[in-house]
Amino acid sequence: MHHQHCKHSKGKVSYLESPERRKEFSPEQLLNMIPLKETDSMLDFGAGTGYFSIPAAKRLLGNVYALDIDAAMLAIINEKAKKEQLTNIVPVQGSIEALPLPDGSIDLILSSLVLHEIQPLAPLLHQMKNILKVEGYLICLELEPKGSSVKAPRITLEGMEQEMKEAGFRITEKFFPAESLYMLVVQVKGSLAKERYIQKLEVDLFEFYNDSIRISKFDCCNFNIRQSFCL
């Protein structure tokens with residue numbers, strides 16, 4: 001069983017790191033196309049060997065959370081990060097049942113050739129929506145299916161668009177960077193983003209109000225103490 005797992009991992013690494021893949025659509029090409037700012041925090045969902053995580057970390061001041069279920073993949077990312085002296089890569093071993101990141105903490109999620117494997121997709125998309133900041137982006141990169149294949153299930157562009165809309169995202173851009181490859185750039189719908197912004201504002205105001213009361217009580221206590229000394 002262990003031998004089979006090692007064989008599978010080697011095959012996976014070989015594909016993820018293949019020159020052919022880089023030639024077809026390089027990480028640099030993708031990063032130049034997406035709305036990524038230097039100060040952003042990013043989640044690479046299904047990071048694999050860090051094909052996108054490492055180049056992204058070189059561009060960003062914020063953290064790049066490289067999430068994968070396979071510890072062997074995360075070990076490879078760790079080694080690459082050390083070699084490149086990158087301190088803003090955060091390997092995360094997690095599952096789709098519960099993304100291990102706080103709500104409203106991520107500016108951009110990148111998911112490359114992963115979402116087609118997840119059924120049903122809606123619960124995961126709702127989690128992604130929650131961990132994104134207001135006006136945050138989800139980048140979905142997938143292959144348009146050719147016919148039907150049990151071994152490599154795919155989801156059409158039309159099907160993915162429908163999933164995104166039903167989950168509360170709006171599609172801002174569509175790209176076709178290579179043959180049979182499509183990329184969706186989506187954001188939380190305006191009304192939902194506004195609602196989340198108002199909720200965050202309410203929390204901030206509540207905390208500010210509590211802090212103000214604590215400061216007022218402290219000042220009042222100090223005033224009483226000073227008065228006592230003066231008497």
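What you are looking at is a predicted structure, and each value in this text was computed from that prediction instead of being measured. (Residues numbered from 1 in each chain as written. Predicted model: local features only at pLDDT ≥ 70, side-chain atom pairs only at ≥ 80, totals over all residues. Heavy atoms only, no water.)

**Student:** How do you make sense of unusual backbone geometry when you look at a structure like this?
**Tutor:** What is expected of a backbone is that most residues other than glycine have negative phi and most peptide bonds are trans. Here the amide bond leading from Gln119 into Pro120 is cis, since omega sits at -5 degrees, within 30 degrees of zero. Even without being a glycine, Gln85 presents a positive backbone phi close to 55 degrees. Residue classification places Gln85 among the exposed residues on the basis of a relative accessible area of 71%. Positive phi, normally seen in glycine, also occurs at Leu113, with a value near 55 degrees. Structurally, Leu113 is set in the loop between β4 (106-112) and α6 (122-131). (Buried < 20%, exposed > 50% of the residue type's maximum accessible area, 1.4 Å probe, protein only. Helix = DSSP H or I, 4+ residues; strand = E, 2+ residues; numbered from the N terminus.)

**Student:** Can you help me understand helix α5 (residues 71-84) in this one?
**Tutor:** Every α-helical turn comprises 3.6 residues, leaving residues that sit three or four positions apart pointing alike. Compared with an ideal rise of 1.5 Å per residue, which puts 14 residues at 20 Å, α5 spans 20 Å between its outermost C-alpha atoms and is within 8% of the ideal. Listing the buried residues of α5 in full gives Met73, Leu74, Ile77 and Ala81. An end-on view of α5 places all buried positions within 95 degrees of arc, on one side of the element. Seen from the buried face of α5, the exposed residues on the opposite side, beyond 90 degrees, are Glu79, Lys82 and Lys83. In this structure Asp70 caps α5, since a side-chain oxygen of it lies 2.9 Å from the backbone nitrogen of Ala72. (Expected span 1.5 Å × (residues − 1). Arc of directions from axis to C-beta. Polar contact = N/O pair within 3.5 Å; in protein donor to acceptor, adjacent residues only side chain to side chain.)

**Student:** Looking at this structure, how should I read the sheet that holds strand β3 (residues 89-93)?
**Tutor:** Hydrogen bonding along the main chain pairs the strands of a sheet, whether they run parallel or antiparallel. In spatial order, the strands read β3-β2-β1-β4-β5-β7-β6; together these 7 strands make up an open sheet with mixed pairing. Of all strands in the sheet, those with a lone pairing partner are β3 and β6 (169-178), marking the two edges. If you compare each strand with its neighbour and ignore which way they point, the axes differ by 20 degrees on average. Relative to strand β7 (residues 181-188), β6 runs antiparallel, the two sharing 7 bridges. Looking across to β7, one finds that Ile171 is bridged to Val186. Each of β2 (64-68) and β3 touches α5; the most contacted strand, β3, lies at about 170 degrees to it. (Pairing = 2+ DSSP bridges. Axes fitted to C-alpha atoms, helices over the stretch in contact; angles between N-to-C directions. Contact = heavy atoms within 4.5 Å.)

**Student:** Teacher, can you tell me more about the nonpolar core here?
**Tutor:** Across soluble globular proteins, nonpolar side chains have a tendency to be buried as a group. By size, the foremost hydrophobic cluster in this structure holds 30 residues, and its most contacted members are Phe45, Leu115 and Met164. Of all the secondary structure elements, the ones that give two or more residues to this core are β1 (42-45), β2, β4, α6, β5 (132-143), α7 (157-166) and β7. Phe45 has contacts with Leu67, Ile96, Leu99, Ile109, Leu110, Ser111, Ser112, Val114, Leu115, Ile118, Leu124 and Met128, leaving out every residue within four places of it along the chain. (Core = buried A, V, L, I, M, F, W, Y, C linked by side-chain atoms within 4.5 Å.)

**Student:** What should I look at first to understand the environment of Pro55 in this one?
**Tutor:** As for its placement among the helices and strands, Pro55 is situated in helix α4 (residues 53-59). The class of Pro55 is buried, set by a relative accessible area of 13%. In this structure the C-alpha to C-alpha distance between Pro55 and Leu31, which are 24 residues apart in sequence, comes to 8.3 Å. Apart from the residues lying within four places of it in its own chain, the contact partners of Pro55 are Pro27, Glu28, Leu31 and Gly50.

**Student:** Looking at this structure, how should I read the pattern of salt bridges?
**Tutor:** Any two side chains of opposite charge can pair if their charged atoms end up close together. All chains considered together, the criterion is met by 6 salt bridges. Between Glu142 and Arg154 there is a salt bridge, and its shortest N-O distance comes to 3.8 Å. With Glu142 in strand β5 and Arg154 in the loop between β5 and α7, this pair connects stretches of sequence that are 12 residues apart. The closest approach of N and O atoms between Glu179 and Lys146, which form a salt bridge, is 3.9 Å. With a gap of 33 residues between them, Glu179 in the loop between β6 and β7 and Lys146 in the loop between β5 and α7 connect regions that are remote in the sequence. Judged by relative accessible area, Glu179 falls into the exposed class, the value being 64%. According to the relative accessible area criterion, Lys146 is exposed, its value standing at 65%. (Salt bridge = Lys/Arg side-chain N within 4 Å of Asp/Glu carboxyl O.)

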